[in-house]
Amino acid sequence: MQRLKQYNHLNVESKWQKKWEDSKIYSPNIKRAARPFYNLMMFPYPSAEGLHVGNTYAFIGADIFGRFMRMHGYDVFEPIGLDGFGIHSENYAIKVGEHPIALAKKTKERFYKQLHLIGNSFDWTATLETYDPDYYKWTQWIFVKMFKNGLAYRKKASVNWCPSCKTVLADEQVIAGACERCSTEVESKALDQWFFRLATGKRPDGTSYPDALLDNLEKIDWSQKVKIAQRNWIGRSEGAKIKFKVKGQKEEIEVFTTRPDTLNGATFLVLSPDSYWVEKLTIPDQKEKVTEYIKEAHIQSKAEHSKAKTGVFTGSYVINPETEKDIPVWVADYVVSSYGFGAIMGVPAHDERDMEFANKFDIEVLKEKPDEGLWKKIEERGWGEKFTNYHLRDWLISRQRYWGSPIPMIYCESCHAESKGEREDMPGWYAVSETELPVELPYIEDYRPRGTGVSPLAQDSGFYKVGCPGCGKEAKRETDVSDTFLDSAWYFLRYPSISDKKTAWDPEITKKWLPVTSYIGGAEHAVLHLMYARFMTMVFYDWGLTNFEEPFSRFYAHGLLIKEGAKISKSKGNIIVPDQYIEKYGADTLRTYLMFLGPYDAGGDFRDTGIEGMHRFLKRAWTLYEKHKQNLVTKKEDCNQITIKVHQTIKKVTEDIQNLRYNTAIAAIMELINLLYDRVETKGTQVSDNGSDYCKEWEEALKVLPQLLAPFAPHLAEEIWVEALGEKFSVHLSAWPEYNPEFIKDKEVTIIVQVDARLRGELKLSEALSQDQHSVEELAQKNSKISGWLKGKKLKNTVFVPGKLINFVLQG
Ligand code: ANZ
Ligand code: ZN
């Protein structure tokens, strides 16, 4: 009998990776697939030297699910690409002193090589990189459509400015007053910016995007914590707007409040430092103080906002319509310019922040009880009306950086002067004609951010000088690039249509493959990316470009990988690169090890010592097959026991993978392997030529095992399937095994307990338990009838016949 070869993971893994790719078993027929299953994972942004183990944790977990579904007969489409534009890649380029264009080539090679090595079932015929002009042509096309549909606009806005990254940041990219990427304190700066109407956009039926984004959360199967994060970010707040007459003028200031019933206790009004009213209401005597305060407020970072209250009096008063009292108007930075109307009524008796402020500046506190009836009164008297406010802001799209998709807009000074342009509300502005897309990002030698608030593209007259689409005179291209989040807000639509040169996404293909069946990624993207992708998809739906509102039917957030108890980060110097582990132990070991660390949504703690154990374990599985031709199971009772265990394991692994409980699925497979290993006859050859001496249950177990292993250890599984069992390539296209519920019904079994071969008692146990020596020993020793016979005696040996008998042999 021929012995199998030693398992060499390096040879085996590269062999199958090549075979899989050559035979295109992971490239479904996009046009014709009968049971499409779109298995998406968040594509990486290549920032550092390559993928780290944390990235692979995400990809492997998603792949396991895809492989499982493929074995259930689905046409699984699992694409991958690079979110390669943007500040991450650009900052890395600056750090290593290379041009982003040159670096992108290297990074692509490096990342794709690593992504091959982990053994995922990616469709390598459908990759995309967001910096590829074939891709960003369509990103720009989306921008143009947003502009033409009134959903993109430009305004001067006070924005978060990171002086180190030299760029604008969205509110969500500011963590406790500091830049999310480099931790530098964020300043505020007034710049002209492009926005998408995420918060203020109206849908064709007149409803609003935030409402729809909120309501739709009920309809999608997403991790609960992610839904909560989305809900909070949208932050729908029901309340009222109330108008306050300025004393001695006919103007009125509007405030937003969730407590109109406390109007009777409002003793002051506060404006945000950026409020349009500040200049209007500041009296000459207060001018200097107010100007000074506003300057300070701009330099101070957001972190300071939560500290002690600061503020300055404008010198003006408004009239509280309910109390008819004159109340002072202050300026303070605890009022946010971008929320509500950037102005509040101060009700110290019922609001803590207002109380603190009133105490500090000696403002009157009226301890009036809230009055439910006020609300009606406010509407009747015309003081105000119901108003729903959102925390969600319009999406700030422009970035004053180089490495991004140029915003495809043109500005003409002379058209502006004549109030001409493509849109009435934006004189001077034209979108680049769709036939002229893409506006290619030019090569600029010194691409580093200037810190001047304009993009490096503004240095390149060859780029920005352009004829006006309206009047033909010399005009200027927009030199800002778009936010990377725009690139990733639609990439899932492109993958299935990647070979389509005429449209961004083919309508028929899109209907077939989308919405995405399963999306897996990090919880850190719970807000930004997922919200932007949902918003864009809803917009596309409204334009008739898709037939679904929600892009991801199911989203699952995986947990975080840590290393020896610590967060994995560059500053800690504990970044783990997967390559060395793959080289030493193989991708199968790394995959299985990572997934064994804990429930997939909880993450796990990576330890070098653990991976050794997993490696030995997988080798053990191979050894089983290496030996199985000489070493067989022949005993009838062993055969029965194997059948039960096999079917129990199929059930467990199936259910666990469905629930992404990979760790317990792996544990079950380990148990099965251990049992098979245990039951093998090791006393030489007993096989007849036709192999009829051993039981068919043993054969079945040996065939099921690689199938259960396939999602986790795809190379090993394939090697066993094809090389050891001689089955047809590929195990990954084989049908997932089914279990027979009859076999795993828990029967009651009687175990005979002997001490020194004399009957001393009986145990009635479930079939499963009756097979387990350790449990049986324990239960027997605890049993009151039996324990007397064992007390004070030394045990020499235990004889165990699974499901039948246990005999304690005593010393002396
Ligand atoms: C009077 C009042 C009395 C308030 C009271 C609250 C409690 P949410 O729920 O987050 O929407 N507010 C309004 N605009 C603001 C702004 N631009 N910056 C800072 N605070 C602002 O909060 C709404 C409440 O936050 C509003 O209701 C307003 O204070 C304040 F006992 O008005 B309230
Ligand atoms: Zn013009």
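Residues numbered from 1 in each chain as written. Chains lettered and ligands numbered in written order. Predicted model: local features only at pLDDT ≥ 70, side-chain atom pairs only at ≥ 80, totals over all residues. Heavy atoms only, no water.

Read across the open sheet, the three strands follow the order 28-27-29; overall the sheet is mixed. Looking at which strands have only one partner, the edges of the open sheet turn out to be strand 28 (566-567) and strand 29 (604-606). Here three bridges tie strand 27 (residues 561-563) to strand 29, and the two strands are oriented parallel to one another. Residue pairing for strand 29: Leu561 is matched across the bridge by Gly604. (Pairing = 2+ DSSP bridges. Helix = DSSP H or I, 4+ residues; strand = E, 2+ residues; numbered from the N terminus.)

Spatially, five strands are ordered 2-1-25-26-10 in an open sheet, and the strand pairing comes out parallel. For this open sheet the edge positions go to strand 2 (75-77) and strand 10 (221-222), each flanked by a neighbour on one side alone. Of the pairings in the sheet, the one linking strand 25 (residues 518-522) to strand 26 (residues 554-558) comprises four bridges and is parallel in character. Opposite Tyr519, over in strand 26, you have Phe555 as the bridge partner.

By the bridge criterion, two bridges tie strand 20 (residues 409-411) to strand 23 (residues 474-477) in an arrangement that is antiparallel. Across the sheet, the residue bridging to Tyr411 is Lys476, located in strand 23. Bridge analysis of strand 22 (residues 465-467) against strand 23 gives three bridges, and the strand direction is antiparallel. Each residue of the ladder has a partner; that of Gly467, found in strand 23, is Glu474. Two successive antiparallel strands, strand 22 and strand 23, enclose a turn made up of six residues, where Gly472 displays a positive phi of approximately 85 degrees.

Attention now moves to the site of ligand 1. The full set close to ligand 1 counts 18 residues, and Ser237, Thr257, Val336, Tyr339 and His350 are the nearest of them. Contact distances for ligand 1 include 2.7 Å between an oxygen atom and a side-chain N or O atom of Thr257. Contact between ligand 1 and His391: an oxygen atom at 3.2 Å from a side-chain N or O atom of the residue. Protein coverage of the free-state accessible area of ligand 1, which is 650 Å², stands at 85%. At the level of elements, strand 12 (252-257) and strand 16 (343-346) are the ones that each hand at least two residues to the shell around ligand 1. (Near = heavy atom within 4 Å. Polar contact = N/O pair within 3.5 Å; in protein donor to acceptor, adjacent residues only side chain to side chain. Areas by Shrake-Rupley, 256 points an atom, 1.4 Å probe, with all protein chains shown as cover.)

The biggest cluster of nonpolar side chains holds 197 residues, and the ones touching the most others in it are Met146, Phe196, Trp395, Phe492, Phe535, Met536 and Phe606. Core analysis: the second largest hydrophobic core is formed by 37 residues, Leu281, Val312, Ala332 and Ala358 among them. (Core = buried A, V, L, I, M, F, W, Y, C linked by side-chain atoms within 4.5 Å. Buried < 20%, exposed > 50% of the residue type's maximum accessible area, 1.4 Å probe, protein only.)

Turning our eyes to something else, we now look at the coordination of the zinc ion (ligand 2). Of the protein atoms, only Cys412 (SG), Cys415 (SG), Cys468 (SG) and Cys471 (SG) coordinate the zinc ion (ligand 2), at distances of 2.2 to 2.4 Å. Considering all four donor atoms around the zinc ion (ligand 2), the spread of angles at the metal, 104 to 114 degrees, places the coordination shape in the tetrahedral class. In the primary sequence, the donor residues of the zinc ion (ligand 2) line up as C-x2-C-x52-C-x2-C. One end of the pair, Cys412, is in the loop between strand 20 and helix 13 (413-417); the other, Cys468, is in the loop between strand 22 and strand 23, and 56 residues separate them in sequence. Residue Cys412 shares its accessibility class with Cys468, and that shared class is buried. (Donors = N, O, S within 2.8 Å, 3.2 Å for Na, K, Ca; no water. Tetrahedral: all angles 85-135°; square planar, octahedral: opposite > 155°, others 65-115°.)

Tracing the backbone shows Met536 in helix 18 (residues 528-542). The exposure class of Met536 is buried, given its relative accessible area of 1%. C-alpha separation for the pair Met536 and Leu198, spaced 338 residues apart in sequence, amounts to 8.9 Å. When near neighbours in sequence (up to four residues on either side) are disregarded, Met536 contacts Ile142, Met146, Phe196, Trp395, Leu486 and Ala489. (Contact = heavy atoms within 4.5 Å.)

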